[in-house]
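Per-entry structural report
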Amino acid sequence: MKRLKTIFASAAMIAGAYAMTGTAQAATYLCDGSTVCSFDGTTGGFSNVRRTAGVTASDTFKISLPSAGQAKLTFTTANLTFLSASFNGVTFTPVAGVETIFNIAAGGTYDLIVSVRNTTNRVASYSATIDFVAVPEPAAWGMMIAGVGMAGAALRRRRSPRAAIA
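Residues numbered from 1 in each chain as written. Predicted model: local features only at pLDDT ≥ 70, side-chain atom pairs only at ≥ 80, totals over all residues. Heavy atoms only, no water.

1. Notes on the overall build of the protein
- Each helix and strand counted, the protein has 2 helices and 10 strands in total.
- Per-residue burial for the protein yields a buried fraction of 25% across its 166 residues.
- Here the protein displays about 10,300 Å² of accessible surface, and carbon together with sulfur accounts for 58% of that area. (Helix = DSSP H or I, 4+ residues; strand = E, 2+ residues; numbered from the N terminus. Buried < 20%, exposed > 50% of the residue type's maximum accessible area, 1.4 Å probe, protein only. Areas by Shrake-Rupley, 256 points an atom, 1.4 Å probe, with all protein chains shown as cover.)

And the structure:
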């Protein structure tokens, strides 16, 4: 029973250390008048509609990220062909439904440039989501490591042997 209490106490210390780490600031998405953007605190979305057949077009999205972390972009399309995209200086070809991950070294405003072509005679559109996950600060890492260390020390502590009662 005492061992179970020790395990619960260790788990509580780990949970407490994790809860005190805090959360990162949310990213913001700034768009020009020809594009649509939204952000709900964890995920951003952007889209655009291309009505003219056979036309190649590019859209620029300004994405402001508060700190270092990881940006994940996922594109979808209806009747458009993705030609290329560029984010944080990296050029790639978006594939609908496939997540593309970028490591961000520092907070700042980054350009996302998307080039598309409408190959049909119909109204065509694309949309995408961007998720931003901040890298925990060094203090947060330190608290998590300390919590795990204390839990390990509590579990490792040996009890003194007891005399058998006859």
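Structure's up, so let's keep going.
2. Some thoughts on the packing of aromatic side chains
- Applying the stated criterion across every chain, the model contains 6 aromatic pairs.
- Summarising the aromatic geometry, the rings of Phe75 and Phe92 are spaced 6.3 Å apart at their centres and angled 55° between planes, so their arrangement reads as tilted. Here Phe92 lies in strand 7 (residues 90-92) and Phe75 lies in strand 5 (residues 69-78), a separation of 17 residues in the sequence.
- For Phe75, a relative accessible area of 1% corresponds to the buried category.
- For the ring pair Phe92 and Phe102, a centre distance of 5.3 Å and an interplane angle of 55° mean the geometry is tilted. Here Phe92, found in strand 7, pairs with Phe102, found in strand 8 (residues 99-104); they are 10 residues apart in sequence, far enough to count as distant. Taken individually, Phe92 and Phe102 each receive the classification buried, so the pair is uniform in this respect.
- Through a chain of ring-to-ring contacts, the aromatic side chains of Phe75, Phe82, Phe87, Phe92, Phe102, Tyr110 and Tyr126 assemble into a single cluster. (Phe/Tyr/Trp six-rings, centres within 6.5 Å; stacked < 30°, edge-to-face > 60°.)

3. Observations concerning the nonpolar core
- Counting 24 residues, the largest nonpolar core has Leu73, Phe75, Phe87, Leu112 and Val114 as its most contacted members.
- For this core, the secondary structure elements donating two or more residues are strand 4 (56-65), strand 5, strand 6 (80-87), strand 8, strand 9 (108-118) and strand 10 (124-134).
- If you tally residues by element for this core, the top one is strand 10, at 6 residues.
- Residues contacting Leu73, with those up to four places away along its chain left out, are Phe87, Val98, Glu99, Thr100, Phe102, Leu112, Thr129 and Ile130. (Core = buried A, V, L, I, M, F, W, Y, C linked by side-chain atoms within 4.5 Å. Contact = heavy atoms within 4.5 Å.)

4. Observations regarding the confidence of the model for the protein
- Summarising the model, the protein shows a mean pLDDT of 74, and 66% of its residues fall at 70 or more.
- For the protein, per-element mean pLDDT is lowest for strand 1 (residues 28-31), which scores 52, and highest for strand 7, which scores 93.
- The low-confidence segment residues 16-28, where pLDDT is below 50, has 18 contacts with residues more than four positions distant or belonging to other chains. (pLDDT = per-residue confidence, 0-100.)

5. Quick notes on the side chain of Asn118
- Tracing the sequence through the fold places Asn118 in strand 9.
- Taking the relative accessible area as the measure of exposure, Asn118 reaches 0% and is therefore buried.
- Here the side chain of Asn118 touches Thr120 through a polar contact of 2.9 Å, side chain to side chain.
- Here the side chain of Asn118 touches Arg122 through a polar contact of 3.1 Å, landing on its backbone oxygen. (Polar contact = N/O pair within 3.5 Å; in protein donor to acceptor, adjacent residues only side chain to side chain.)

6. Description of the pattern of salt bridges
- One pass over the full model with this rule turns up 1 salt bridge.
- Salt-bridge contacts for Lys62 lead to Asp111; the nearest nitrogen and oxygen are separated by 2.9 Å. Within this pair, whereas Lys62 is found in strand 4, its partner Asp111 is found in strand 9, the two being separated by 49 residues in sequence. (Salt bridge = Lys/Arg side-chain N within 4 Å of Asp/Glu carboxyl O.)

7. Describing a nonpolar patch on the surface
- A cluster of nonpolar residues, Val135, Trp141 and Ile145, forms a patch on the protein surface that exposes about 320 Å² of accessible area.
- Judged by relative accessible area, Ile145 falls into the exposed class, the value being 58%. (Patch = residues over 30% accessible without salt bridge, like charges linked within 9 Å, V, L, I, M, F, W, Y side chains within 5 Å.)

8. Regarding the pairing of strand 6
- In the sheet, strand 6 pairs with strand 9 via 7 bridges, with the strands oriented antiparallel. Bridging across to strand 9, Ala85 finds its partner in Val114.
- Alignment of strand 6 against strand 7, held across 3 bridges, turns out to be antiparallel. Note that in strand 7 the partner of Ser86 across the bridge is Thr91.
- Counting the residues that bridge the hairpin from strand 6 to strand 7 gives 2 residues, and of these Asn88 lies at a positive phi of roughly 55°. (Pairing = 2+ DSSP bridges.)

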